[in-house]
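Breakdown of the fold
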Amino acid sequence: MTRTLPAAAEIQAALDEAWRIGRDRCGDGRVADYIPELARVDPSLFGIAIHTVDGQCFSAGDADYRFTLQSASKVFSLSAVVADSGETVFEHMSVEPSGDAFFSIVKLEEEKGQPRNPYINAGAILTSSHLPGETADQKIRHFRTFLASASGMDRDAFPVSEAVYRSEADTGHRNRALAEIMRHHKVIPDVEVAVETYFRQCAVTCTAESLARTSLYLANGGKDPLTGKRLITPATNHGVVALMATSGMYDEVGSHAIEVGLPSKSSVSGAVLAVAPGRLTIAGFGPALGPMGNSIGAMKALGALAERLELSVYR
Ligand code: DON
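Description of the structure in this document. (Residues numbered from 1 in each chain as written. Predicted model: local features only at pLDDT ≥ 70, side-chain atom pairs only at ≥ 80, totals over all residues. Heavy atoms only, no water.)

Our next topic: the site of the ligand. Around the ligand, a shell composed of 15 residues is seen, among which Tyr 34, Gln 70, Ser 71, Glu 168 and Tyr 198 lie nearest. At 2.5 Å from an oxygen atom of the ligand is found a side-chain nitrogen or oxygen belonging to Tyr 34. In this structure, an oxygen atom belonging to the ligand sits 2.9 Å away from a main-chain N or O atom of Val 268. Protein contacts shield 99% of the accessible area of the ligand, which totals 350 Å² for the unbound molecule. Residue classes in the shell around the ligand are distributed as seven nonpolar, seven polar and one charged. Residues lining the shell around the ligand come from more than one domain, with at least three contributed by each of domain 1 (8-68 + 206-309) and domain 2 (71-202). (Near = heavy atom within 4 Å. Polar contact = N/O pair within 3.5 Å; in protein donor to acceptor, adjacent residues only side chain to side chain. Areas by Shrake-Rupley, 256 points an atom, 1.4 Å probe, with all protein chains shown as cover. Nonpolar A, V, L, I, M, F, W, Y, C, P; charged D, E, K, R; others polar. Domains from an automatic or database assignment.)

Further remarks concern the state of the cysteines. One pass over the full model with this rule turns up zero disulfides. The structure places no disulfide on Cys 202, whose sulfur is separated from the nearest cysteine sulfur, that of Cys 206, by 12 Å. (Disulfide = S-S within 2.5 Å.)

In this section: the pattern of salt bridges. Between side chains of opposite charge, pairing is possible as soon as their charged atoms come close. Here the structure, examined in full by the defined rule, presents 14 salt bridges. With its nearest N and O atoms 4.0 Å apart, the salt bridge here joins Glu 259 to Lys 300. On the criterion of sequence distance, the pair formed by Glu 259 in helix α11 (residues 253-259) and Lys 300 in helix α12 (residues 296-308) is long-range, its members being 41 residues apart. Here Glu 259 falls in the partly exposed class, since its relative accessible area comes to 48%. Within this structure, Glu 10, Glu 17 and Arg 308 form a network of salt bridges that share partners. (Salt bridge = Lys/Arg side-chain N within 4 Å of Asp/Glu carboxyl O. Helix = DSSP H or I, 4+ residues; strand = E, 2+ residues; numbered from the N terminus. Buried < 20%, exposed > 50% of the residue type's maximum accessible area, 1.4 Å probe, protein only.)

The subject of this paragraph is unusual backbone geometry. Within the chain, Gln 70 stands out as a residue other than glycine whose phi angle is a positive 45°. For Gln 70, the position within the fold is in the loop between β3 (67-68) and α2 (73-85). Under the relative-accessibility criterion, Gln 70 is labelled buried at 2%. Even without being a glycine, Tyr 250 presents a positive backbone phi close to 55°. Its location among the elements puts Tyr 250 in the loop between α10 (234-247) and α11. Note on Tyr 250: relative accessible area 10%, which makes it buried.

Turning next to the packing of aromatic side chains. Enumeration over the complete set of coordinates arrives at eight aromatic pairs. Ring geometry for Tyr 65 against Phe 285: centres 5.5 Å apart, planes inclined by 10°, an arrangement best described as stacked. Separated by 220 residues along the polypeptide, Tyr 65 in the loop between β2 (57-61) and β3 and Phe 285 in strand β7 (residues 280-285) bring together distant segments of the chain. Geometrically, the ring pair formed by Phe 76 and Tyr 217 is tilted, given 6.5 Å between the ring centres and 50° between the ring planes. With Phe 76 in helix α2 and Tyr 217 in the loop between α9 (208-214) and α10, this pair connects stretches of sequence that are 141 residues apart. (Phe/Tyr/Trp six-rings, centres within 6.5 Å; stacked < 30°, edge-to-face > 60°.)

Attention shifts here to the side chain of Ser 79. As for its position among the elements, Ser 79 is in helix α2. Under the relative-accessibility criterion, Ser 79 is labelled buried at 0%. Discounting residues that sit within four places of it in the chain, Ser 79 has contacts with Phe 146, Tyr 217, Leu 218, Ile 232 and Val 240. (Contact = heavy atoms within 4.5 Å.)

Turning our attention to the layout of surface pockets. In this structure, the largest pocket encloses a volume near 260 Å³. Contributing to the lining of the largest pocket are 17 residues, with Phe 102, Gly 290, Pro 291, Met 292 and Gly 293 lying nearest its centre. In the lining of the largest pocket, the residues fall into 11 nonpolar, two polar and four charged. (1 Å grid on protein atoms, 1.4 Å probe; cavity = no way out; pocket = protein on both sides within 12 Å on 5 of 7 lines; lining within 4 Å. Points joined across faces, edges and corners; volume = space filled by probe spheres on them.)

Distances and angles like these do not, on their own, reveal function.
Put into structure tokens, the structure is as follows:
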């Protein structure tokens, strides 16, 4: 399933140019502050990394800066859950865009505790509750083991930031409310286990380089092209990536599809992960966010890269 890749020198030149374009826009955004610990991050940080399915790695700027996965974790928790128990998580969740903010409670209440998709908070909390294990500790261990096997690294490459975890656990009242609604409708069995797991998975740390590397299976039909390890089936991978295209960028998913054209997943920590099927993965990191909660610099850089390297899946 490998598709033609541009020459290495052209990829690095395009990345350097995209990095400059993205970095120049960071001043237009603001860091997230509803999780107090995230407000301490320097908004001028900006890094970007590419991993290709044939094993090349490129980076620019702060690509080795460590940040928390936040919503980018949702792609991996979904992968880990479907790898373990198939599609059962979708018995109580649909696959449609929500049209609301990622933290919104409105549709969850109207739709009897059934989240719209796994990439809004409600859907991700439900997904976390399906991770194998009884306790949050066991579930997080499984989640980090999945990251380790996807990346060819070990679990220590993905430590949990205790400070960010604590900060969200102390302030994440709305996420607890989402979980309580799902508990009321018997969609999840235990609120505490679900939210504790979710807060910790969001606080798992990575770098743009390790995020791009970990995601490579998504660009290769569910199998890590470098180790040959199968993480999820091709059909499941298709679904996980398709959901990135429809719900990965929240209410900017339309403009992102037009300007970038790659299935992507953003996070409030400033990551945007993009998948060019059969070719490569890109992880941008710029904590300065635009009005929709997506990294301004990373989105601009991805647009420039996709155009110069002709990566859009809609071409
Ligand atoms: O639940 C939250 O609000 C955060 N832990 C994650 C949200 C997030 O990253 C949304 N992304 N744009």
